[in-house]
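# Fold and contact review
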Amino acid sequence: MTTALTFTKGHGTQNDFVLLDDRDAGLDLTADLVRALADRRAGIGGDGVIRVVRSKDIVEGQRLLAQEPAAEWFMDYRNADGSVAQICGNGVRVFAAFLEQLGVATFDGDGELVVGTRAGVRRVRKEDGGWYAVDMGIWSFPGGQTAVAEGFDAEVLVPGLEVDGNEVARPALSVDLGNPHTVVALASVVDLERAELWRAPEVVPRPPQGTNVELVVPLGEETSVDGTVVGRLRMRVHERGVGETRSCGTGACAAALAVRAWAGDGAPDVWMVEVPGGTLRVTILSDGHVELAGPAELVAHGVTDLVG
Ligand SMILES: N[C@H](CCC[C@H](N)C(=O)O)C(=O)O
């Protein structure tokens, strides 16, 4: 006998998720159940599944409770293929919106909501225009200063961008946002659109835990009304454990960090990242953190018999 399972559907710039309220920690979220929920034909459909659980009720959350301020709620994020990922930037914003809808979001005196993830705690603020801004924490270039100086530490073969029938090994820069990313610059938006991301790009050397691959085209800089120089870039992404998605928050951070590194000194710290599902704002902070801002929408609520 199946037990009905309530769910909420949400997205951040069309990176979409099935959200589950597991405040009583009674759900056994198996990889099979994740795949069934995320299936766009036989299930509800999503790039990922997000479970709301108390930090005290999940091992990865318990270790966070020793930190101040404690994150009462933990975002248990899973990719559509059932794999576990450390962090999901678009997902954190949608998770915060879901907590608000459940009536359990506690923004502190500084207007911050602290949530737990497998990559550590993440701090969320709401902006006047309705966007959520998330401190995505400390980032790094796993290839170190050598990779930054040379501009790359990997190569990527992009499907659909062969030259005279031959695959082209394109230089790429690895970026760690708590989850792995590999960023490739393309010469034009025409190439960006030509890439056939229904096939996985090949990354050399192959990262042992896989990687999210971002294809980027820098679009220049502009000066905003407050005088801030803002960079713009366009991006498509092939996500680890999913395939091509319409957006990737940690991927947008990785893309901005790579493009700024390639642009060298004097490049902007604020980037507007155009993804197929919308636009995100990335702000590279002086304390080694990076901030991701963008919308979060909850679009449906329902009951499913898919309980595994
Ligand atoms: N869509 C997510 C990234 C999921 C990354 C996941 N595919 C992985 O295995 O790291 C985001 O907005 O950051």
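Residues numbered from 1 in each chain as written. Predicted model: local features only at pLDDT ≥ 70, side-chain atom pairs only at ≥ 80, totals over all residues. Heavy atoms only, no water.

Per an unreviewed UniProt entry, the chain is named Diaminopimelate epimerase, and its organism is Sanguibacter antarcticus. Quoted straight from UniProt, the Subunit (unreviewed entry) entry for the chain says "Homodimer." Entered under Function (unreviewed entry) in the UniProt record, the comment concerning the chain runs "Catalyzes the stereoinversion of LL-2,6-diaminopimelate (L,L-DAP) to meso-diaminopimelate (meso-DAP), a precursor of L-lysine and an essential component of the bacterial peptidoglycan." (UniProt positions renumbered as here; feature names shortened; annotations may be inferred.)

## Quick word on the nonpolar core
Formed by 53 residues in total, the largest nonpolar core has its most connected members in L233, M235 and V282. No other element matches the 8 residues that helix α6 (residues 249-263) contributes to this core. Shared between two domains, this core takes at least three residues from each, and those domains are domain 1 (5-137 + 296-304) and domain 2 (144-286). Apart from residues no more than four positions distant in its own chain, L233 is found in contact with V216, V217, P218, L219, A255, A256, V259, W271, M272, V273 and E274. Counting 14 residues, the second-largest nonpolar core is a separate cluster that includes L186, A195, V203 and V213. (Core = buried A, V, L, I, M, F, W, Y, C linked by side-chain atoms within 4.5 Å. Buried < 20%, exposed > 50% of the residue type's maximum accessible area, 1.4 Å probe, protein only. Helix = DSSP H or I, 4+ residues; strand = E, 2+ residues; numbered from the N terminus. Domains from an automatic or database assignment. Contact = heavy atoms within 4.5 Å.)

## Things to note about the environment of Q209
Turning to its location among the elements, Q209 is positioned in the loop between β11 (202-204) and β12 (212-223). Residues contacting Q209, with those up to four places away along its chain left out, are Q86, P180 and R240. There is a polar contact of 3.3 Å between the side chain of Q209 and the side chain of Q86. (Polar contact = N/O pair within 3.5 Å; in protein donor to acceptor, adjacent residues only side chain to side chain.)

## Here we look at the side chain of R281
Turning to its location among the elements, R281 is positioned in strand β16 (residues 278-284). The exposure class assigned to R281 is buried, which follows from its relative accessible area of 18%. Polar side-chain contacts of R281 include one of 2.6 Å to the side chain of E127. In terms of polar contacts, R281 uses its side chain to reach the side chain of E291, at 3.3 Å. Not counting chain neighbours up to four residues away, the residues in contact with R281 comprise E127, W131, A133, V270, W271, M272, E291, L292 and A293.

## What to know about the pattern of salt bridges
Tallied over the full model, the rule gives 24 salt bridges. Residue E274 pairs with R234 through a salt bridge whose shortest N-O separation is 3.0 Å. Placement of the pair is E274 in strand β15 (residues 270-275) and R234 in strand β13 (residues 229-239), with a sequence separation of 40 residues. On the basis of relative accessibility, which here comes to 18%, the residue E274 falls in the buried class. Take R234: its relative accessible area is 30%, and that puts it in the partly exposed class. Because the salt bridges share partners, they merge into one network encompassing D22, R51, E60, D76, R78 and R118. (Salt bridge = Lys/Arg side-chain N within 4 Å of Asp/Glu carboxyl O.)

## Examining helix α3 (residues 89-102)
Taking 1.5 Å per residue, 14 residues should reach 20 Å; α3 reaches 20 Å between its end C-alpha atoms and fits that length. By the criterion of burial, α3 is predominantly enclosed, with 11 of the 14 residues buried. G89, N90, G91, V92, R93, V94, F95, A96, A97, F98 and L99 are the residues of α3 that are buried. (Expected span 1.5 Å × (residues − 1).)

## Some points on unusual backbone geometry
Residues E68 and P69 are joined by a peptide bond in cis, for which omega reads -10°. Tracing the backbone through its elements, the reader meets P69 in the loop between α2 (59-62) and β4 (73-79). Here V204 and P205 are connected by a cis peptide whose omega angle stands at -5°. Within the secondary structure, P205 is located in the loop between β11 and β12. A positive phi angle, near 45°, is found at T13, a position not held by glycine. Here T13 lies in the loop between β1 (5-12) and β2 (15-21). Residue class for T13 comes out buried when judged on its relative accessible area of 5%.

## Concerning the domain arrangement of the chain
The domain boundaries assigned to the chain delineate domain 1 (5-137 + 296-304) and domain 2 (144-286). Using C-alpha coordinates to define each centre, domain 1 is positioned 25 Å away from domain 2. Each partner contributes residues to the interface: domain 1 has 22 residues there, and domain 2 has 23 residues. Between domain 1 and domain 2 lies a buried interface of about 1,500 Å² when both sides are counted; carbon and sulfur atoms form 47% of it. Here domain 1 and domain 2 share 1 salt bridge between them. Of the charged contacts in the structure, one is a salt bridge between E127 and R281, with a shortest N-O distance of 2.6 Å. Taken together, the connections running from domain 1 to domain 2 amount to 9 residue pairs in polar contact (both at pLDDT 80 or more). Elements with a contribution of two residues or more to the side of domain 1 that touches domain 2: β4, α3 and β7 (132-138). Examining the composition of the side of domain 1 that touches domain 2, we find that 3 residues originate from one element, α3, more than from any other. Here the residues of the side of domain 1 that touches domain 2 are counted per class, giving 8 nonpolar, 9 polar and 5 charged. (Buried area = accessible area lost by both parts, 1.4 Å probe. Nonpolar A, V, L, I, M, F, W, Y, C, P; charged D, E, K, R; others polar.)

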